[in-house]
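Next come the chains, spelled out residue by residue.
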Protein chains: 2
Amino acid sequence: MDYRSAGVDIDAASDVVRRVRGLAQKTFTRGVLSDIGAFGGLFQPDLEHVDRPVLVASADGVGTKLKVAFLADRHDTVGIDLVNHCVNDILVQGAEPLFFLDYLATGRVAPDVLEAVMRGLADGCAQNGCALLGGETAEMPGFYAAGEYDLAGFIVGLVARDRLIDGSGIRPGDLLLGLPSSGLHTNGYSLARRIVFDTLQLSVDARVDELGATVGDVLLRPHRSYLRPVRRLLASGDPLVKGLAHITGGGLTDNMPRVLPAGTAARVDRGGWSVPPVFGFLQREGRVPVEDMYRTFNMGIGMVAVVAPDALPAAEAALAEAGESGTAVIGEIVEGDGRVVYG
Amino acid sequence: MDYRSAGVDIDAASDVVRRVRGLAQKTFTRGVLSDIGAFGGLFQPDLEHVDRPVLVASADGVGTKLKVAFLADRHDTVGIDLVNHCVNDILVQGAEPLFFLDYLATGRVAPDVLEAVMRGLADGCAQNGCALLGGETAEMPGFYAAGEYDLAGFIVGLVARDRLIDGSGIRPGDLLLGLPSSGLHTNGYSLARRIVFDTLQLSVDARVDELGATVGDVLLRPHRSYLRPVRRLLASGDPLVKGLAHITGGGLTDNMPRVLPAGTAARVDRGGWSVPPVFGFLQREGRVPVEDMYRTFNMGIGMVAVVAPDALPAAEAALAEAGESGTAVIGEIVEGDGRVVYG
């Protein structure tokens with residue numbers, strides 16, 4: 001008995017490492033000192049103009065959106081989802097991404113599938129100016145169904161301590177400026193899949209006329225990165241935003257409270273923006289209570305910036321300059337106990 | 001239909017976050033600025049005495065050792081495995097750990113199991129002076145079997161650029177100093193499980209007389225951290241080691257080449273140390289070819305330090321001072337093409 005007969009193919013894994021190396025190298029920024037395959041990835045940050053550097057780190061997964069990728073046999077977008085999700089998670093504290101590492105676990109290494117996943121990761125990293133510094137590909141027979149995998153990511157970014165965005169300056173009267181999402185991003189897929197595939201019995205290739213696209217196209221639309229527009233908001237000497245919330249698992253209901261200081265709440269005006277059709281479709285077909293919709297899906301708002309009323313025109317102008325359209329004032333900060341109140 | 005009926009329980013997940021927060025806080029070192037639950041974890045490294053700081057990052061998983069933990073229903077050691085594995089992976093480049101993040105994915109959140117896993121992670125972090133800065137717990141119904149989970153970790157460490165260990169100074173004649181492993185560490189479990197559970201049909205509670213312990217005790221023994229002894233090797237002004245290899249998946253055969261400069265090879269003397277009984281047991285019962293043993297398991301050597309012959313006495317003394325026993329010269333560097341040659 002040997003390792004291969006026990007289901008682990010080290011040679012196939014080495015082949016993947018070779019394929020991935022070229023993809024990753026294209027993402028290498030100036031700070032990268034190592035190559036893929038080293039025990040650890042090496043990154044020397046440029047700290048010359050950063051006073052009291054703070055590292056900001058986050059871990060995340062793609063979640064069950066992966067199941068849609070399996071059904072569609074389309075593996076080059078989930079990496080983009082993951083990188084953008086991670087970039088947004090540290091961006092809300094003011095951090096610029098430095099580097100990213102992935103964890104990919106599968107039952108049996110399928111080199112073409114893995115290469116597609118890695119291509120998505122590399123594309124996502126390149127788009128965000130973030131180095132794909134390393135990662136782990138784990139072959140775990142008996143853990144994952146044939147052709148399936150799980151994918152997680154880890155990002156590290158940098159911000160000067162006095163440029164940290166922590167929401168502490170948020171006051172009643174501040175406004176909630178919503179930035180549009182591109183779709184479901186990476187949250188709510190367990191519910192969305194149940195509605196679409198179990199209740200409606202749709203196939204991934206089925207066209208949904210009211211959405212103007214196939215189920216696969218709608219559900220696999222990649223999670224947006226907000227790096228470009230938010231970077232513009234943060235660029236001025238006195239940042240135009242007091243707080244930022246990435247609207248992920250838990251929706252507006254659970255994510256806004258993460259930036260609210262004591263004694264405040266967020267009043268969200270559900271009529272303040274037009275909810276994209278996909279959410280109405282899911283709500284109607286799944287008979288989902290509206291409270292659950294706003295605690296499960298992003299409902300068309302992927303990022304919320306909290307701005308003082310007098311900073312609103314400058315913030316809107318900065319976002320427009322960065323090419324951001326469809327922003328909307330979706331509510332305001334009020335006195336309260338840290339919750340979201342819908343009005 | 002709501003999110004809970006689709007198999008995702010946000011409240012149970014929040015309960016886990018609450019339980020984990022206290023465990024993680026005990027690991028917080030001076031640099032930690034954030035609390036568990038923030039979008040990103042914040043860490044301000046002390047760079048005052050670090051010339052040209054280099055960040056060293058690594059991602060890893062526990063692999064199918066998790067299956068043994070499931071069988072034994074013992075979940076508080078796999079976190080220690082993972083942290084120590086990660087610590088060793090950046091230690092070989094000379095880095096001290098700063099912080100760690102986990103990714104835990106499961107089919108349905110079982111708070112007690114997750115708390116045990118997190119306790120192991122927190123213990124591992126505390127033992128290595130590394131902050132458990134954050135992580136992601138993903139509930140992914142339909143991905144993982146009932147009661148099962150996958151666990152991955154990400155670590156970031158720090159080293160001054162001129163203290164990086166990269167093996168470039170390794171020359172023929174240098175010696176391989178092996179540091180003992182505590183068991184299988186986290187590699188070779190797909191093969192070991194097949195031999196023990198499928199071929200021998202042993203239960204996890206079965207006592208194996210020649211190993212003086214139960215199957216579960218032998219197979220779940222935690223992966224060692226080499227931080228303490230290796231830190232001592234690196235502490236002197238002129239480091240006593242030229243290269244370090246963490247012997248993980250691929251064994252001595254695949255890991256030694258990762259630090260060999262061009263034109264060199266590693267000659268390993270299989271008689272140079274006493275291989276622990278568990279490996280002989282697996283080899284015999286599984287009829288595993290010897291080449292596969294050395295490319296699958298660590299065979300009792302978890303870390304190899306490459307030292308110049310004249311530095312050997314000082315290196316051995318430093319290791320002894322750090323409480324390390326059972327070290328052995330297991331071979332030497334020769335001219336060659338980057339491979340391991342067994343003699």
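Because the structure is a prediction, the values reported are computed rather than measured.

On to the overall build of chain A. A tally of helices and strands in chain A yields eleven helices and 13 strands. In terms of overall size, chain A behaves like a compact globule, its C-alpha atoms giving a radius of gyration of 21 Å where 343 residues would be expected to give roughly 20 Å. Excluding contacts between residues fewer than 6 apart, the proportion of contacts in chain A whose partners are at least 24 apart in sequence is 84%. Carbon together with sulfur atoms contributes 47% to the accessible area of chain A, which is approximately 12300 Å² in total. Looking at charge distribution, chain A has the averaged site of its 31 positive side-chain charges lying 1 Å from that of its 43 negative ones.

On to the sheet that holds strand S4 (residues 131–139) of chain B. Taken together, five strands build an open sheet; the order of strands is S1(A)-S2(B)-S5(B)-S3(B)-S4(B) and the sheet is mixed. Each edge of the open sheet carries a strand with a single partner, namely strand S1 (41–43) of chain A together with S4 of chain B. Averaged over all pairs of adjacent strands, the angle between strand axes in this sheet comes to 20 degrees, irrespective of strand direction. Examined bridge by bridge, strand S3 (residues 96–106) of chain B and strand S5 (residues 149–160) of chain B share ten bridges and lie antiparallel to one another. Bridge pairing links phenylalanine 100 of chain B to isoleucine 155 of chain B in S5 of chain B.

Bringing the relation of the copies chain A and chain B into the picture now. Screw-axis analysis of chain A against chain B gives a translation of 0.0 Å along the axis, an RMSD of 0.0 Å, and a rotation angle of 180 degrees. What we have between these two chains is a two-fold relation. Interface overlap between copies: 99% of the residues of chain A at the interface are likewise at the interface in chain B, consistent with a symmetric, same-surface contact.

Let us look at the nonpolar core. If you look at the biggest cluster of nonpolar residues, it comprises 247 residues, and the most contacted ones within it are Phe99 of chain A together with Phe99 of chain B. With sequence-adjacent residues up to four places away left out, phenylalanine 99 of chain B is seen in contact with Leu55, Ala57, Phe154 and Val156 of chain A together with Phe43, Cys130, Ala131, Leu133, Phe154, Ile155 and Val156 of chain B.

This part takes up the packing of aromatic side chains. This structure, assessed with the given rule, holds 16 aromatic pairs over all chains. Consider the rings of tryptophan 273 of chain A and tyrosine 294 of chain A, whose centres lie 6.3 Å apart with planes at 75 degrees: the pair is edge-to-face. With tryptophan 273 of chain A in the loop between strand S10 (264–268) and helix H9 (277–286) and tyrosine 294 of chain A in helix H10 (residues 290–296), the pair connects residues that are 21 residues apart, well separated along the chain. With respect to class, tryptophan 273 of chain A is no different from tyrosine 294 of chain A; both count as buried. Here the aromatic residues Phe70, Phe143, Tyr144 and Tyr149 of chain A together with Phe70, Phe143, Tyr144 and Tyr149 of chain B are joined through ring pairs into a cluster of three or more. For the cation-ring pair, arginine 258 of chain A lies above phenylalanine 39 of chain B, with the distance from its terminal atom to the ring centre recorded as 3.9 Å. The side chain of arginine 270 of chain B reaches across the aromatic face of tyrosine 342 of chain B, ending 4.0 Å from its centre.

You will see that arginine 52 of chain A, though not glycine, has its phi angle at about 50 degrees, which is positive. With respect to the secondary-structure elements, arginine 52 of chain A resides in the loop between S1 and strand S2 (53–61). You can call arginine 52 of chain A partly exposed: its relative accessible area is 42%. Of note in the backbone geometry, aspartate 73 of chain B takes a positive phi value of approximately 50 degrees without being a glycine. In this structure, aspartate 73 of chain B sits in the loop between helix H2 (65–72) and helix H3 (78–91).

The next thing to look at is the domain arrangement of chain A. Residues and elements named next belong to chain A. Parsing chain A into structural domains produces domain 1 (10–40 + 49–163) and domain 2 (175–342). With centres defined by C-alpha atoms, the gap from domain 1 to domain 2 works out at 24 Å. The interface of domain 1 with domain 2 comprises 24 residues on the first partner and 31 residues on the second. Between domain 1 and domain 2, a total of about 2300 Å² is buried, with carbon and sulfur atoms accounting for 60% of that surface. The interface formed by domain 1 and domain 2 holds two salt bridges in total. Two residues, aspartate 217 and arginine 74, come together in a salt bridge whose shortest N-O distance is 3.1 Å. Within the residue set of the side of domain 1 that touches domain 2, elements represented by two or more residues are helix H2 (65–72), helix H3 (78–91) and strand S3 (96–106). For the side of domain 1 that touches domain 2, the element with the highest residue contribution is H3, accounting for eight residues. In the side of domain 1 that touches domain 2, the residues fall into ten nonpolar, seven polar and seven charged.

Residues and elements named next belong to chain B. Direction vectors running N to C along H2 and helix H5 (residues 189–199) enclose 40 degrees, while the axes themselves pass 8 Å from each other. By the angle between their axes, H2 is oblique relative to H5. Where H2 approaches H5, its residues Lys65, Lys67, Val68 and Leu71 are matched on the opposing element by Tyr189, Arg193 and Phe197. Of the residues belonging to the contact of H2 with H5, the class tally is four nonpolar, no polar and three charged.

The subject of this paragraph is the pattern of salt bridges. Residue and element names in this part refer to chain A. Tallied over the entire structure, the rule returns 30 salt bridges over all chains. Residue aspartate 81 is joined to lysine 65 by a salt bridge in which the shortest nitrogen-to-oxygen separation is 2.8 Å. With aspartate 81 in helix H3 and lysine 65 in helix H2, this pair connects stretches of sequence that are 16 residues apart. We note that aspartate 81, like lysine 65, is buried. Note that glutamate 321 is salt-bridged to arginine 232, the shortest N-O span being 2.6 Å.

Contact with chain A, which involves 84 residues of that partner, is made by 84 residues of chain B. Carbon and sulfur atoms make up 62% of the area that chain A and chain B hide from each other, which totals about 6200 Å². One can count zero salt bridges joining chain A with chain B. In terms of residue count, S2 of chain A provides more of the side of chain A that touches chain B than any other element does, nine residues in total. When grouped by side-chain class, the residues that make up the side of chain A that touches chain B number 45 nonpolar, 22 polar and 17 charged.

Let us now look at the pairing of strand S6 (residues 175–180) of chain A. Residue and element names in this part refer to chain A. With six of six residues buried, S6 lies mostly within the body of the structure. Neither face of S6 is exposed, since Leu175, Leu177 and Leu179 on one face and Leu176, Gly178 and Pro180 on the opposite face are all buried. Pairing between S6 and strand S11 (residues 301–307): six bridges, direction antiparallel. Residue pairing for S11: proline 180 is matched across the bridge by isoleucine 301. When S6 meets strand S12 (residues 328–335), the two strands line up antiparallel, connected through four bridges. Across the sheet, the residue bridging to leucine 175 is glutamate 332, located in S12.

Residues and elements named next belong to chain B. Take glycine 94: it is sitting in the loop between H3 and S3. Classification of glycine 94 as buried rests on a relative accessible area of 15%. Separated by 137 residues in the primary sequence, glycine 94 and arginine 231 have C-alpha atoms spaced 8.1 Å apart.

Definitions and cut-offs
- Positions within a chain are numbered from 1, following the residues in the order the chain's sequence is written.
- For this description, chains carry letters from A and ligands carry numbers from 1, given in the order in which they are written.
- The predicted origin of the model limits local features to residues at a pLDDT of at least 70 and limits the giving and counting of side-chain atom pairs to 80 or more, whereas totals for whole chains, interfaces and linings rest on all residues.
- Excluded from the side-chain calculations are hydrogens and water; all other atoms, namely the structure's heavy atoms, are used.
- Helix and strand assignments follow DSSP, with helices taken as H or I runs no shorter than four residues and strands as E runs no shorter than two, numbered in order from the N terminus.
- Every radius of gyration here is taken over C-alpha atoms, with the globule rule written as 2.2 Å times N^0.38, N being the number of residues.
- In what follows, residue pairs with any heavy atoms lying within 4.5 Å of each other are defined as contacts.
- Working definition of accessibility: Shrake-Rupley area with a 1.4 Å probe, residue cover restricted to the visible protein chains.
- For the purpose of counting charges, residues Lys and Arg are taken to be positive, whereas Asp and Glu are taken to be negative. His and the chain ends are not included.
- A charge is said to be at NZ when it belongs to Lys, at CZ for Arg, at CG for Asp and at CD for Glu.
- Pairing between two strands is assigned when DSSP locates at least 2 bridges connecting them.
- Lines are fitted to the C-alpha atoms to define the axes, a helix being fitted only along its stretch in contact, and any angle between axes, read from their N-to-C directions, falls within 0 to 180 degrees.
- A least-squares fit on C-alpha atoms brings the copies together, and the residues used are those whose pLDDT is at least 70 in both copies.
- For the purposes of this section, nonpolar cores are sets of buried Ala, Val, Leu, Ile, Met, Phe, Trp, Tyr and Cys residues that join through side-chain atoms within 4.5 Å.
- Accessible area is worked out with a 1.4 Å probe on protein chains only. A residue is then buried under 20% of its type maximum, exposed over 50%, and partly exposed in between.
- Each pair of aromatic rings taken from Phe, Tyr and Trp, with Trp reduced to its six-membered ring, is defined by centres within 6.5 Å and is described as stacked if the planes are under 30 degrees apart, edge-to-face if over 60, and tilted in the remaining cases.
- Comment: the charge-over-ring label is applied if NZ (Lys) or CZ (Arg) is within 6 Å of the ring centre and within 35 degrees of the ring normal.
- For every domain, the bounds stem from an assignment made automatically or drawn from a database.
- Put simply, buried area is how much 1.4 Å-probe accessible surface two parts lose in total, over both of them, once they are put together.
- Put simply, a salt bridge is a Lys or Arg side-chain nitrogen that is within 4 Å of an Asp or Glu carboxyl oxygen.
- Each residue is assigned to one class: nonpolar for Ala, Val, Leu, Ile, Met, Phe, Trp, Tyr, Cys and Pro, charged for Asp, Glu, Lys and Arg, and polar for all the others, Gly among them.
- Oblique is the label for every angle not falling under 35 degrees (roughly parallel), over 145 degrees (roughly antiparallel), or within 65 to 115 degrees (roughly perpendicular).

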